[in-house]
Every structure is written in structure tokens, then in C-alpha cells.
Amino acid sequence: MAYFASGGTETTLRATLAAQKTALDASLSVASTAAESARAALKQIADAAQRAQEAALEAFRASVRAVEQMSERTTPTRPDR
């Protein structure tokens, strides 16, 4: 049995497939843009977190220095040492 598609049916099918491809391409473009925006936002968050970590470490180091300096000033020296 031979299958014969009319020219109009094939044209309609091709147009439908082309429209689907266009819709998929547009969706991919939107998804790509959204992913890039999310990636940029995550990078900003990671950068801010790193700066906060560095600031916390520096604050810790400053506290240690302050305690050491205070300890040096307030610790009496014993003659037997």
C-alpha cells in the first residue's frame, strides 16, 4: 500500500514543525539567559561570602593580637622564671 501525502498536508506539517522549532529555540534562549543571570547572581553571592569570610578572619586575628597585647601588659613576671 502506497502512502501519498497531499501537498497541502505536507506544507502544513512542515509549517507546524517549523513553528515548534522556533518555539523551542525561543525557550532555549530564555533558559540560557535565565541560567546566565543565575550564574552571575551566584558569583556575586560567592564573592560577597568570600569577602565576609576574609573580614571575619581578620577580626579574629585582631582579637588574638589584642588579647596577646593585653596579656603581655597585665601578666606579672615572676622572678623564678
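As a reminder, the structure under discussion sits directly above these lines.
Cut-offs applied
- Residues numbered from 1 in each chain as written.
- Predicted model: local features only at pLDDT ≥ 70, side-chain atom pairs only at ≥ 80, totals over all residues.
- Heavy atoms only, no water.
- Helix = DSSP H or I, 4+ residues; strand = E, 2+ residues; numbered from the N terminus.
- Buried < 20%, exposed > 50% of the residue type's maximum accessible area, 1.4 Å probe, protein only.
- Areas by Shrake-Rupley, 256 points an atom, 1.4 Å probe, with all protein chains shown as cover.
- Salt bridge = Lys/Arg side-chain N within 4 Å of Asp/Glu carboxyl O.
- Patch = residues over 30% accessible without salt bridge, like charges linked within 9 Å, V, L, I, M, F, W, Y side chains within 5 Å.
- Polar contact = N/O pair within 3.5 Å; in protein donor to acceptor, adjacent residues only side chain to side chain.

Participant: Looking at this structure, how should I read the overall build of the protein chain?
Facilitator: Secondary structure assignment for the protein chain yields 1 helix and 0 strands. Per-residue burial over the protein chain gives 0% buried out of 81 residues. With the model as given, the accessible surface of the protein chain reaches about 7,400 Å², and the carbon-plus-sulfur share is 63%.

Participant: What exactly am I supposed to notice about the pattern of salt bridges here?
Facilitator: Evaluation of the coordinates by the stated rule reveals 5 salt bridges. Put simply, Lys21 and Asp25 hold a salt bridge, and the shortest N to O gap is 2.8 Å. Residue Lys21 and its partner Asp25 are both found in helix H1 (residues 7-74); the two are separated by 4 residues, about one turn of the helix.

Participant: Sorry, what's going on with a nonpolar patch on the surface here?
Facilitator: A cluster of nonpolar side chains, Leu57, Phe60 and Val64, forms an exposed patch at the surface whose accessible area comes to about 260 Å². One can find Phe60 in helix H1.

Participant: Looking at this structure, how should I read the environment of Thr74?
Facilitator: Considering the arrangement of structural elements, one finds Thr74 in helix H1. One polar contact links the side chain of Thr74 to the main-chain carbonyl oxygen of Met70, over a distance of 2.8 Å.

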